[in-house]
Amino acid sequence: MGLMAIVLPLCWSPFGWSASLPADLKWESNDTDPVYADPEARRGGTFRDFMSSFPLTLRKYGPDSNGGFAGYVRETNLPLLSTHPVTGHPMPMLANQWAFGADHKTLYFRINPKARWSDGQPVTADDWVFTLKMMRSKEINDPWYNNYYSTQISEVTRFDDHTLAITSGTEKSREDLLESLPFSPEPSHAIKLTSDWVKEYNWKVLPVTGPYRIGEVKKGKAITFERVKDWWGNDERYFQHRFNPDRIEIKVLRDQNIAWQHFLRGELDTFPLVMPNWWHDKSKTPEFEKGYIARLWFYNQTPQPPMGLYLNTADPLLRDLDVRLGIQHALAFDKMIATLLRGDYQRLNTYGSGQGNFTNTDLKARPFDPKLAREYFAKAGFTKTGPDGILRNDKGQPLTLTITYTTAEHAQRLTLLREEAKKAGLNLELNLMDASAGFKSMLEKKHQSAWMAWSGGRYPAYWEHFHRVNANKPQTNNIMNLDDEALSALVEQYDKAFDFGKKAELSRLIQQRLYELASFVPAYQVPYTRAGAWRWVRLPKVPATPQSDLLYWPLDGGNSGYSFGGLLWIDEEAKAQTRAAIKSGQTFPAVTLIDTTYQQK
């Protein structure tokens, strides 16, 4: 949409002097892409879900803020723009218009004048000016955000209450600018930065721009989100018929099997069934067979998270490349996939996949080969075999690798790996930790190896995970402690690359270098999502989008780069009908839906 630009004089704001808007901007918008929510959706009710541990903080920044619950908290605030999950086009969120600067570094935004914080205050350009100041401040005690907002974002410029510009630290392609610049704001009127900010805001509930705000917090037990009354976005095109429940209740259930019992009793509305034994075996219960709970298998096209084993290269044993190469060949992932995982998953070959030309498809995961693994271990000095079959070096040190993991359901998978690794003379010690405590341990680099996956976006993010500036420091995402000059140089080039084709080439080179360093052992990928849901939880006819990595995600989904969530609703009539049917013994046809709308052939 082309609109005439308005040149504004300098004027004062609480956060500094405003600038004049360039006169030649070509403003764009998007009000023509398809709406993917269902007009039949109805408001009301409570959506009940669970998490495996209580968060250590409600903050989005600072120590302990990067745990599993962060996925909920971060999505209570909307970004300026998102990406349409079907077309891939930019999609209005807090901004309804945008324009590209001639410098290949700046994006201009017009904030939707309807946008309000949940306390009724208007969303203004001052909020972004403040957020940049906050992200750069030492008070938040967050080196990652300090660095990112000092190097990747060079400035935020205010033109008037509803017009601003965000400038990148380097020239970038339009795709890259849209990916990196339209960040979410913090409420400038509700935050005061002090030397004690981390402690003061640990459990403070702040105003939000999204449809849900945190309501009741029961320490150690549950957190409830409440829908914002008269939310400003209700009638906006891409928000209509979305975010339907009045409340979202997230219970703390530390054991998956206990959570499963809650689900079967109707105390939780949905349950993930991606794990093969849950889909194939555990869902053979009367609740499913009598049609009270439906099973849904949905093929998607989402970027695949790098699931696997992350080796801490600062560990004395793992500093040796030959040890790391031996470990690569000592883990029987193909057997795990074929047996325990029923062949439902696929072997992951490199650090993530599903990101087009950004994925190095020439790389193939190293196969399980105990003989070759022993050859590498021998090069590292592990040449003697102990009475337990485990290799030892001249000092008598056994070849032992401790794996920290946080999902109890994965114990069987890791046990299989442990038994097979003995054939290579490698002993695996399995260390199960609470999700929050385990992730904190990883961020503080107290693990020897970590079994986990990072969530991924449309394009890979490497600096936080691989750059040497983040190695050997607590509370950074470089959990492999990679301190490699060549890798860091590639990451720097990747972040500065203007041409998108060149950026993809650098991504492939980064993955090649990571393969050579052998610090990440790729495990598997899952090109779909599966879940069970009580028959009162409804979804659109095409139940999700190609970018939906979860079927029943009540919030926006924007953390993935795409706005795909908030499609479900609670059918109160069906709920009452189901409750009555259970009491009377009435049954319904069993339901298993397999949706291949977006399956990649």
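Every residue gets a number counted from 1 within its own chain, in the order that chain's sequence is written. Only residues with pLDDT of at least 70 get local features here, since the model is predicted, and only at 80 or more are side-chain atom pairs given and counted; chain-wide, interface and lining totals rely on the full set of residues. Neither water nor hydrogens contribute to the side-chain values; these are computed over all heavy atoms in the structure.

Colleague: I'd love a proper account of the packing of aromatic side chains, names of residues and values included.
Modeller: Ring pairs shown here join Phe, Tyr and Trp side chains whose ring centres sit within 6.5 Å, with only the six-membered ring taken for Trp; geometry is labelled stacked below 30 degrees between planes, edge-to-face above 60, and tilted in between. Per the stated rule, a full pass over the model turns up 47 aromatic pairs. Judged by centre distance (4.8 Å) and plane angle (40°), the ring pair of Y72 and W553 falls under tilted. With Y72 in helix 1 (residues 70-74) and W553 in the loop between strand 25 (537-538) and strand 26 (569-570), the pair connects residues that are 481 residues apart, well separated along the chain. In this structure an aromatic cluster arises from ring pairing among Y310, Y351, F358, Y459, Y462, F466, Y494, F500 and F520. The aromatic ring of W27 is capped on one face by R110, whose charged end is 4.1 Å from the ring centroid. Its end group placed over the ring of W279, R295 keeps NZ or CZ at 4.1 Å from the ring centre. Each helix is a run of DSSP H or I of at least 4 residues and each strand a run of E of at least 2, with the numbering of both proceeding from the N terminus. Lysine and arginine charges are scored as sitting over a ring when NZ or CZ, respectively, is within 6 Å of the ring centre and within 35 degrees of the ring normal.

Colleague: Describe the sheet that holds strand 7 (residues 106-111), naming the residues involved and giving the relevant values.
Modeller: Strand order in the open sheet made by the 4 strands is 6-7-9-8, with antiparallel pairing throughout. The outermost strands of the open sheet, each flanked by one partner alone, are strand 6 (95-100) and strand 8 (153-160). Pairwise comparison of adjacent strand axes, ignoring direction, gives a mean angle of 20° for this sheet. As judged from the 6 bridges shared by strand 8 and strand 9 (residues 163-168), these two strands associate in the antiparallel manner. Here, a strand pair is defined by DSSP locating no fewer than two bridges between the strands. Only C-alpha atoms enter the line fits that serve as axes; for helices the fit covers just the stretch in contact. Angles between N-to-C directions range over 0 to 180 degrees.

Colleague: Tell me what's going on with helix 2 (residues 125-136), and back it up with residues and numbers.
Modeller: Spanning 12 residues, helix 2 covers 17 Å between terminal C-alpha atoms, matching the ideal 16 Å at 1.5 Å per step. Note on classification: 1.4 Å probe, protein chains only; a residue is buried when its accessible area is under 20% of the maximum for its type, exposed when over 50%, partly exposed between these limits. Within helix 2, the full set of buried residues consists of A125, D126, D127, W128, V129, F130, T131, L132, M134 and M135. Between the first and last residue of a helix there are one fewer steps than residues, each counted as 1.5 Å, and that sum is the expected span.

Colleague: So what's going on with the pattern of salt bridges? Which residues, and what values?
Modeller: Only one rule defines a salt bridge in this text: a Lys or Arg side-chain nitrogen within 4 Å of an Asp or Glu carboxyl oxygen. Taken as a whole, this structure holds 27 salt bridges when the rule is applied. One salt bridge in this structure joins R158 and D161, with 2.4 Å as the shortest N-O distance. Judged by relative accessible area, which is 8%, R158 ranks as buried. Salt-bridge contacts for K371 lead to E375; the nearest nitrogen and oxygen are separated by 3.1 Å. Of this pair, K371 and E375 both sit in helix 11 (residues 370-379), 4 residues apart, roughly one helical turn. Judged by relative accessible area, which is 59%, K371 ranks as exposed. When salt bridges with common partners are traced through the structure, they connect E40, R538, K541 and D571 into a single cluster.

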